[in-house]
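Examination of the molecular architecture
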Amino acid sequence: GPRGRDDLGTIQKLGANTVRMYGNNQLQEHYSFLERAQELGLSVIPGMSNYPYIQQEGSCKHTGFDCFEQLKFTYAGNLRRGFLTPNRTYNPVLAHVIVINEPDNILQW
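Before going into details, it helps to say that this report is about the structure given with it. Predicted model, so just to flag it, every value in this text is computed and none were measured. (Residues numbered from 1 in each chain as written. Predicted model: local features only at pLDDT ≥ 70, side-chain atom pairs only at ≥ 80, totals over all residues. Heavy atoms only, no water.)

A word on the overall build of the chain
Looking only at helices and strands, one finds 5 helices and 2 strands in the chain. Walking the chain from its N terminus toward its C terminus, one meets helices and strands in the order α-β-α-β-α-α-α. Dimensions along the principal axes, computed over C-alpha positions, put the chain at roughly 45 × 30 × 20 Å. In the chain, which comprises 109 residues, the proportion classed as buried is 37%. Restricting to contacts in the chain with at least 6 residues of sequence separation, those with at least 24 account for 69%. Working note: accessible area of the chain is about 7100 Å², and carbon and sulfur atoms make up 53% of it. Charge centroids of the chain, computed over 10 positive and 10 negative side chains, lie 4 Å from each other. (Helix = DSSP H or I, 4+ residues; strand = E, 2+ residues; numbered from the N terminus. Buried < 20%, exposed > 50% of the residue type's maximum accessible area, 1.4 Å probe, protein only. Contact = heavy atoms within 4.5 Å. Areas by Shrake-Rupley, 256 points an atom, 1.4 Å probe, with all protein chains shown as cover. Lys, Arg positive; Asp, Glu negative; His and termini not counted. Charge placed at Lys NZ, Arg CZ, Asp CG, Glu CD.)

Right, here's the structure in full:
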């Protein structure tokens, strides 16, 4: 936000209306970032981390790419830490959510 470098403010001043995030940590809060984006009129397209797919213990890579449990945990963490509003609706700043980055590079069958 404005207390730091205010990258979102710079992005908005350059004329952008949407920010695409490559990955995020579902254990960190996202409220402040999403709130600042909303203040600036920016939409956000977050990408879920590739960690549950290929890096974490018991990753999708080790479960035959049956990723339900791994992604359920990850997505639920994002919902609890900013993707949902207090009234349990999606945060209006979210335009889309990308559940995997570069699947052709990540999912080596």
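On we go from here.
Let's talk about the state of the cysteines
Summed over all chains, the structure comprises 1 disulfide. In this model C60 forms its disulfide with C67; the gap between the sulfur atoms is 2.3 Å. Looking at C60, the relative accessible area reads 0%, which means it is buried. Here C67 falls in the buried class, since its relative accessible area comes to 13%. (Disulfide = S-S within 2.5 Å.)

Structural notes on the pairing of strand β2 (residues 43-46)
Sheet analysis places strand β1 (residues 18-21) next to β2, joined by 4 bridges and oriented parallel. Across the sheet, residue M21 finds its bridge partner in β2, namely P46. Since β1 and β2 lie parallel, the crossover through helix α2 (residues 31-39) that links them has a hand, and here it is right-handed. (Pairing = 2+ DSSP bridges. Right-handed = clockwise from strand over helix to strand, strands pointing away.)

Points about the pattern of salt bridges
The tally for this structure, following the rule as stated, stands at 3 salt bridges. As a salt-bridge pair, R36 and D6 come within 3.0 Å of each other at their nearest N and O atoms. Remark: D6 occurs in the segment before α1 (7-13) and R36 occurs in helix α2; sequence separation between them is 30 residues. On the basis of relative accessibility, which here comes to 16%, the residue D6 falls in the buried class. The structure contains a network of salt bridges with shared partners spanning D6, R36 and E39. (Salt bridge = Lys/Arg side-chain N within 4 Å of Asp/Glu carboxyl O.)

Considering the nonpolar core
Membership of the largest hydrophobic core is limited to 10 residues, which are L8, V19, L34, A37, L40, L42, V44, F83, V93 and L94. Those residues within four positions of L34 in sequence are excluded, and the remaining contacts are V44, G82, F83, N91, V93 and L94. One finds M48, C60, C67 and L71 within the second-largest nonpolar core, a separate group that totals 8 residues. (Core = buried A, V, L, I, M, F, W, Y, C linked by side-chain atoms within 4.5 Å.)

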